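Residues per chain are reported as follows:
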Amino acid sequence: MKKYILNRIIWLFFTVIVTAFMIFTILYFIPGDPAAAILGANASPAEVERMRSIMGLDKSYLTQLWEFLSGIFHLQFGNSWVYADTPVISIIAERLPRTLIIGCCAMVINIIVGVSLGVIAGTHEAKWQDSLAMTIAMLFISAPDFWVALILIVIFAKNLGWLPAAGIQDGVKSYILPVITSSLGGVANNSRQTRSSILEVYREDYITTARSKGLPERKVIAKHMLPNALMPIITVVGTGFGRITAGSPVIESVFGVPGIGLYMLNAMNQRDYPAVRGCVLFLAVWTAVVMLIVDLLYGMVDPRVKVRYGGGKR
Amino acid sequence: MEAERGRNMKKRNKKQDQYENSSLLRETLTRMVKSPTSKVACAALCVIVICCVAAPLLTPYKPTDMDVTHMFSGPSAAHPLGTDSYGRDMLSRLLYGGRYSIALGLAAAVFGSVFGIIFGCIAGYFGGKVETVIMRLCDVWTSLPAMLLCILISAALGPGFFNTILALAIGFMPIGTRMIRGQILSERSKEYLEAAESINCSTLSIMFRHLLPNVISPIIVATTMGVGLQITMAASLSFIGLGVQPPAPEWGAMLAAGRQHMLTYPYMIIFPGLFIACTVLSVNLLGDGLRDALDPKLRS
């Protein structure tokens, strides 16, 4: 098991470096001069040249790449180009918790609601509970989350006046709508996956055995069905988290939540590339860490992984 | 004599091929027709596509016709879905916009799948180092969540219709690659491949004539579902200002425009979203139906 964990952590390390390389390269080759864009149309060529040297743009691609990559390990992404003298990392540190709160709460809802819906649907195959749960899941998958967000704002902020429409001034209340909209897609995917996993194990012999022992249905589901159906569910939960993180720019811009996603979008419009690099890298690393946790869970749940890496009983 | 026999043989083979192909297709179609959900989804999708293609016949207004005397007029007989902030007819904008949205989703999913299939076939068939390189690249590619990658790429390429397709297709590619390669792994040791190799078929022919038809079903389903996903993603990109740009009436861009007035004129966001949701819903239901029809084992 140690070998497995070590393996995954080395892979995470490698992923971070390659992702950083990708982010840097994509942004480096965006046409147009960021220095000229930031200074505006009236800047003289000499001013642009001076700005370029301040921003470090006069150095070669490899030098810039090396500076960026070596900076990552000291958690330094340089200063913001637009808000001079403000380190990107301090802006990220201020905004990260908001993105994480939304992501984690949405993930918890995904797991609880998604898995319960899936279990209900799977154990009532072809009955009304099944159809209802799967219809809800299908609707959640199909409706674009940012549209649902807009509709919820109109209903709950404008018509009912219960929740704020944008911003985070109202504390917990202002996070309710962003969390709900972020979790919709995940709830749907989780419930669909849980249902089909449950159906796969539903008619297995050991389930019949468990029932014939006289176990109540609730225990059969919790102790015999779910553990065996768990593997694909864990995968979907993990990838769902990636989707929530990647969707954060859109959701945060709809609700005006000053998190990393919104900051990234604004920085992109202002061509503040150090900020964009920092934000994308943070979101990617965060996703990779969650995937690592998922992989480790896999190792714990699936005895085959344990055996392969020589940790478990053979 | 020999030549004639050869020709006859070829003819017969061709006939057999055709028969077999049509029978798989026919079988799939028959199964799909049996499912009422697939039928409804298919019909709904056809209606939406036909309406978008035949938009000039259905509405008297052009999507860019402005009418300053009728700004923000709610749904009425003249404008069934109302008008926007420039007095443009929402229904005609939505119908013309559907061309962009549906074309974006379809093109992105198909291009992504085709490239995914090519790389997946190469990885799966050759194995060894080639496979390791391609699959590791896929892992790295997917380490950046798809939406983030699309945002980055479309920022790099600049906004626009074709750049959006490219950005979305690049994000979709690794999914196809993984899927095809996984399928091929289970086929690699089968006898028909050995047979094809022993009669000296070329590598290309083995990969695409013998192997691909046996592993294509899941990717057809994934592509169909992908169309729905890509329509949503394209709309999200346009919504945050990176995809198709106004005044092009793409659905996401219309939502972005309607958002500024949504508290006073909610119909401006309700209808574009409904169009996206209905299209994606029918595509997804069709995908579900197709999956059940192509592989009855998967039917739950």
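Residues numbered from 1 in each chain as written. Chains lettered and ligands numbered in written order. Predicted model: local features only at pLDDT ≥ 70, side-chain atom pairs only at ≥ 80, totals over all residues.

We now examine the overall build of chain A. The helix and strand inventory of chain A stands at 13 helices and 0 strands. Counted from the first residue to the last, chain A has its helices and strands arranged as α-α-α-α-α-α-α-α-α-α-α-α-α. Overall, the C-alpha framework of chain A stretches about 85 × 60 × 30 Å when taken along its three principal axes. Intrachain contacts of chain A at a sequence separation of at least 6 include 72% that bridge at least 24 residues. (Helix = DSSP H or I, 4+ residues; strand = E, 2+ residues; numbered from the N terminus. Contact = placed C-beta atoms within 7 Å.)

Bringing the overall build of chain B into the picture now. The helix and strand inventory of chain B stands at 11 helices and 0 strands. When the backbone C-alpha atoms are referred to their principal axes, chain B occupies close to 80 × 40 × 40 Å. Buried residues in chain B amount to 45% of all 300 residues. (Buried ≥ 20, exposed ≤ 12 C-beta atoms within 10 Å, placed from the backbone.)

Membership of the largest hydrophobic core comes to 146 residues, with the highest contact counts inside it found for Ala149(A), Cys279(A), Val280(A), Leu148(B) and Cys150(B). It is helix α9 (residues 203-239) of chain B that provides the largest number of residues to this core, a total of 16 residues. Setting aside chain neighbours within four positions, we find Leu148(B) in contact with Ala246(A), Val280(A), Leu283(A) and Ala284(A). (Core = buried A, V, L, I, M, F, W, Y, C linked by C-beta atoms within 7 Å.)

Counting residues at the interface gives 37 residues for chain A, matched by 32 residues for chain B. Counting residues per element, the ones that place at least two in the side of chain A that touches chain B are α1 (2-28), α6 (128-142), α7 (145-159), α8 (172-202), α10 (217-255), α11 (260-269) and α12 (273-301) of chain A. Considering every element that reaches the side of chain A that touches chain B, the biggest residue donor is α10(A), with 8 residues. Residue classes in the side of chain A that touches chain B are distributed as 26 nonpolar, 9 polar and 2 charged. (Nonpolar A, V, L, I, M, F, W, Y, C, P; charged D, E, K, R; others polar.)

In this section: the environment of Ala234(B). Residues and elements named next belong to chain B. Within the fold, Ala234 resides in helix α9. Ala234 sits in the buried class, given 32 other C-beta atoms within 10 Å. Put simply, Ala234 and Ile117 are 117 residues apart on the chain and 22 Å apart in space, counted from C-alpha to C-alpha.

Quick look at the confidence of the model for chain B now. In this model, chain B carries an average pLDDT of 83, and 90% of its residues clear a pLDDT of 70 or more. Overall fold confidence (pTM) sits at 0.85, and the ipTM for the predicted complex is 0.84. (pLDDT = per-residue confidence, 0-100.)

With that settled, consider unusual backbone geometry. Most of the time, phi is negative for any residue but glycine, and the peptide bond is trans. You will see that Ala126(A), though not glycine, has its phi angle at about 65°, which is positive. Looking at where Ala126(A) falls in the secondary structure, it is placed in the loop between α5 (88-123) and α6. Positive phi values are uncommon outside glycine, yet Asn200(B) reaches one of about 65°. With respect to the secondary-structure elements, Asn200(B) resides in the loop between α8 (191-198) and α9.

A few words now on the packing of α9(B) against helix α10 (residues 251-259) of chain B. All names here are of chain B. Between α9 and α10, whose axes approach to 7 Å, the crossing angle comes to 40°. Taken together, the axis directions place α9 and α10 in an arrangement best described as oblique. For the element pair α9 and α10, the recorded crossing hand is right-handed. Judged by residue contacts, Ala234, Ala235, Ser236, Leu237, Ser238 and Phe239 of α9 engage Trp251, Gly252, Ala253, Leu255 and Ala256 from α10. Of the residues that constitute the contact of α9 with α10, the class distribution is 8 nonpolar, 3 polar and no charged. (Axes fitted to C-alpha atoms, helices over the stretch in contact; angles between N-to-C directions. Parallel < 35°, antiparallel > 145°, perpendicular 65-115°, else oblique. Left-handed = near helix turned anticlockwise from the far one by under 90°.)

Turning our eyes to something else, we now look at the environment of Pro258(A). All names here are of chain A. Here Pro258 shows up in the loop between α10 and α11. Note on Pro258: 17 C-beta atoms within 10 Å, which makes it partly exposed. Spatially, the C-alpha atom of Pro258 lies 25 Å from that of Phe68, the residues being 190 residues apart in sequence. Once residues lying within four places of it in the same chain are set aside, the contact partners of Pro258 are Arg95, Arg98 and Ile168.

Time to look at helix α9 (residues 205-212) of chain A. Among the 8 residues of α9(A), 0 are classified as buried, and the element is accordingly described as predominantly exposed. Residue Gly214(A) follows α9(A) closely and has a positive phi angle near 95°.

Turning our eyes to something else, we now look at the packing of α7(A) against α8(A). Packed helix pairs are characterised by how far apart their axes lie and by the angle those axes make with each other. All names here are of chain A. Across the interface, α7 lies against α8 with an axial gap of 9 Å and an inter-helix angle of 145°. In this structure, α7 meets α8 at a crossing whose hand is right-handed. For the pair α7 and α8, the contacting residues are Asp145, Val148, Ala149, Leu152, Ile153 and Phe156 in the first and Leu177, Ile180, Thr181, Leu184 and Gly185 in the second. Looking at side-chain class alone, the contact of α7 with α8 contains 8 nonpolar, 2 polar and 1 charged residues.

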